[in-house]
Amino acid sequence: MIAALILIPLFGAFVAFCIPDNRWRPVVLPVVASIHLGITAMLLLSPPPPSPGGWIWLDPLGRIVLLCVTLIFALCAFYAVGYLDCRQERSNRILCMGVLACLAAMGLVTVTQHLGLLWVALETTTVFMAPLIYFNRNARSIEATWKYLLICSVGIGLALLGLLFLAYSTYVAHRDATLLLGALIATARDLNPAWLHAAAIFMLVGYGTKMGLAPLHTWKPDAYGEAPGLVGALLAGGLVSCAFLAILRVYQVCLASGFEIHFFRKALLGLGFLSIAFAAVFMAKQADFKRMLAYSSVEHVGILAIALGLGKGALYGALFHLLNNALAKGVLFLSSGNIHRMYNSKTTDVVKGVLSRLPWSGGLFLAGFIAVTGSPPFSPFISEYTIISSAFIDGRYWIGGFFLLFLALIFIGMAMTVLPMIMGAPPEEIESTGYHDRLLTVGPPLVMLCVIFWLGIRPPAFLVAMLLDGAVLLGGMP
Amino acid sequence: MNTFADQLLVLVMLINLVMLGTSRLLFSIRAVAVQGVILGLLPGLVHPFSLHLAAIMTVVIIVKGIVIPYFIGDAVHKARIRREVEPFIGYVPTLVLGAVFTALSFAFAEKLPLAPEHEELLFVPASMATLLTGFLILTTRRKAISQVIGYLVMENGIFVFGLLLTEAMPAMVEAGVLLDLLVGIFVMGIVINHISREFSSIDTSRLRALKEE
């Protein structure tokens, strides 16, 4: 069953390679995505036991990330059919193969318990995402691709060094190097502190680069800005969640060691606050709305890092926020892709009055903005509220206070870009681009919005139970 | 046997300095290929022979010594350039920095608590020095190809450290790491090709359209 999770997308990539017709090829995506969604549902309802040897096990944390990945991918896959239909002038073979190969690698990230294999899968996603950012084939997108590829490869290389340090710390401790999570957690108290410290730093920097924590986020605005909205949604919802899972694994080992966790939490808090501060500064007066979404992603990885750094009750909020962030970003990136198609521009001096030209996409973008900045009734409000309240319950007033301040600044900064763009009057001379809202390009973001609305009003019991299980693994209150 | 391994590691560090000092790209690529072959030989010198080890050695020599240098050489050929011109920091200063970094790596390695059987070996300083050299090349050179070479040198540095753990790492993970490196360099080669077509140059300082206004 778990093998199918990885093999079916790979088989789909092969089928996409074989189909010669540009118009029919994207249909492979929703077919594979529906099967993937079905398999995930079965796995979540009756989780299989760990494999012999302990390499493969879908633990609660893996389940949460798998749910994020499969939901965002399924909706993006349906959107892709509508989107690629408008872009028939380009071959979409590489795009279809790339996203399916990425889906396979992301599946592997969520199910593996071997940190080495997790690294391999994460690096695979980096490499396969690069050609997708270059979909538009112009000078700007090649620049974004180059920066993304080089910075992420170097970052993830540092994570590999951290991983080797971790293995060496087990070797110094008991002459039996291992990178299996279960064995690492069981023996974490004996690990050599110096090597574990070095390992934690390198892995935080490495996976933090992949996740886009400031000051390692520099590739993010370029890559998110130049990639098609569909790829942006997969980067912000899928890859970020997978990189976050890698950091959670390091967190688990540090927590089990008992001594390293104090430093690790402080480092996460520092990077988290730096991220939301960067986002607050660069979000204001941002003229390019796709770059603005990239900074919003930097903000949200910052929130995730802060929640991990706070620990205790905030851990539940962190895991919940992971899902909410993925879906809210999906709404924004997919609807921004529609707006980009309509206006053939992504700067706010041209894009004005979207609501009157594209009522559906404009409305979705506006609702997505309200959701992503943490306003009720959408679920990001619930998760951010959980994180902030746990900071205050712990008596960490300064952290809670600054967190609120930055969120307010980000809300204002983002509103200054979004509101004139959505409301306003449309420009006089309208360039006809032949795009109009259709079911396949509006439906998927609408479904995402409905899901975060539903989660915000009444999260289902099985999800709450799963998030609690995950928080317990991270040392949160049961 | 271990003294021979140490001599090879010294050679690895010397190759680092050679790469910092040269402007000819094809020469750098050959140097990185030689470094890859040495890296492939090293596991056989520090660990007792086994089939797993022989397989790793063969694959490393083929990937790092032949296939990857071929990919980069191909990209150089297609972009029709020979030399790195005007690096952000000159050759002599980077060479001096490289030497300083190598010395610092030795000082740093002294501080780390190594397992007793590894204490006499040069693996940790060689690994650190190679990693830092890779960084230096990555950050000071303008040409996209030099940056790929820098990335490769950095990966070689990580690999040197990994040699201490060759027996512990499962073959599947080793193979995965090498395959990712291979595909990564292959994709970088393609991207370089597109950069040179788009900008008629592979000077990455021309990649500056994307920034905050």
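Refer to the structure presented above.
These figures come from a predicted structure and were not determined experimentally.

**A look at the overall build of chain B**
Okay, step 1: Broken down by element type, chain B carries seven helices and zero strands.
Okay, step 2: Taken from the N to the C terminus, the helices and strands of chain B come in the order α-α-α-α-α-α-α.
Okay, step 3: Expressed as lengths along the three principal axes of its C-alpha atoms, the size of chain B is roughly 55 × 35 × 35 Å.
Okay, step 4: Counting only residues that meet the buried cut, chain B has 44% of its 213 residues in that class.
Okay, step 5: Sequence separation of at least 24 residues holds for 77% of the intrachain contacts in chain B that already meet a minimum separation of 6.

**Observations regarding the nonpolar core**
Residue and element names in this part refer to chain A.
Okay, step 1: With 254 residues, the main nonpolar core has I72 and L234 as its most contacted residues.
Okay, step 2: Ranked by residue count, the leading element in this core is helix 6 (residues 139–174), at 22 residues.
Okay, step 3: Discounting residues that sit within four places of it in the chain, L234 has contacts with I72, F73, C76, V99, C102 and L239.

**Observations regarding the interface of chain B and chain A**
Okay, step 1: On the side of chain A, 35 residues touch chain B, which itself brings 35 residues to the contact.
Okay, step 2: Breaking the side of chain B that touches chain A down by element, the ones donating at least two residues are helix 6 (144–162) and helix 7 (171–199) of chain B.
Okay, step 3: Sort the elements by how many residues they give to the side of chain B that touches chain A and helix 7 of chain B lands first, with 13 residues.
Okay, step 4: The residue makeup of the side of chain B that touches chain A, split by class, is 24 nonpolar, six polar and five charged.

**A closer look at the packing of helix 15 (residues 359–372) of chain A against helix 18 (residues 439–457) of chain A**
Residue and element names in this part refer to chain A.
Okay, step 1: Close contact between helix 15 and helix 18 brings their axes to 10 Å; oriented N to C, the two are set at 30°. Looking at the two axes, helix 15 sits roughly parallel to helix 18. In this structure, helix 15 meets helix 18 at a crossing whose hand is left-handed. Contact residues: W360, S361, L364, A367, G368 and A371 in helix 15; V442, P445, L446, L449 and I452 in helix 18.
Okay, step 2: Across the contact of helix 15 with helix 18, the residue classes break down as nine nonpolar, two polar and no charged.

**A word on unusual backbone geometry**
Residues and elements named next belong to chain A.
Okay, step 1: Note that the residue after A214, namely P215, is joined by a cis bond; omega there is 0°.
Okay, step 2: Of note, P215 is situated in the loop between helix 8 (193–211) and helix 9 (219–226).
Okay, step 3: A cis amide bond links P376 to the next residue, P377, at an omega of 10°.
Okay, step 4: Mapped onto the elements of the fold, P377 is located in the loop between helix 15 and helix 16 (379–393).
Okay, step 5: A positive phi angle, near 50°, is found at K312, a position not held by glycine.
Okay, step 6: On the secondary structure map, K312 appears in the loop between helix 12 (289–310) and helix 13 (314–343).
Okay, step 7: The class of K312 is partly exposed, set by 16 C-beta atoms lying within 10 Å.
Okay, step 8: Phi at N344 is positive, roughly 55°, even though this residue is not glycine.
Okay, step 9: Position of N344 relative to the elements: it lies in the loop between helix 13 and helix 14 (354–357).

**Some remarks on helix 19 (residues 461–473) of chain A**
Along an α-helix, residues three or four positions apart point the same way, because every turn accommodates 3.6 residues.
All names here are of chain A.
Okay, step 1: Taking 1.5 Å per residue as the helical rise, helix 19 with its 13 residues ought to reach 18 Å, and the 19 Å between its terminal C-alpha atoms agrees with that figure.
Okay, step 2: Those residues of helix 19 that fall on the buried side of the exposure criterion are M466, L467, G470 and A471. Down the axis of helix 19, the buried side of the element spans an arc of 140°, and every buried residue falls inside it. Turned more than 90 degrees away from the buried face of helix 19 sit A461, F462, V464 and A465, all of them exposed.
Okay, step 3: Residues of helix 19 that are buried sit in contact with helix 3 (60–86) and helix 13.
Okay, step 4: Phi turns positive, to about 90°, at G475, one or two residues after helix 19.

The rules we used
- Residues numbered from 1 in each chain as written.
- Chains lettered and ligands numbered in written order.
- Predicted model: local features only at pLDDT ≥ 70, side-chain atom pairs only at ≥ 80, totals over all residues.
- Helix = DSSP H or I, 4+ residues; strand = E, 2+ residues; numbered from the N terminus.
- Buried ≥ 20, exposed ≤ 12 C-beta atoms within 10 Å, placed from the backbone.
- Contact = placed C-beta atoms within 7 Å.
- Core = buried A, V, L, I, M, F, W, Y, C linked by C-beta atoms within 7 Å.
- Nonpolar A, V, L, I, M, F, W, Y, C, P; charged D, E, K, R; others polar.
- Axes fitted to C-alpha atoms, helices over the stretch in contact; angles between N-to-C directions.
- Parallel < 35°, antiparallel > 145°, perpendicular 65-115°, else oblique.
- Left-handed = near helix turned anticlockwise from the far one by under 90°.
- Expected span 1.5 Å × (residues − 1).
- Arc of directions from axis to C-beta.

In short, shape yes, function no, at least from these values alone.
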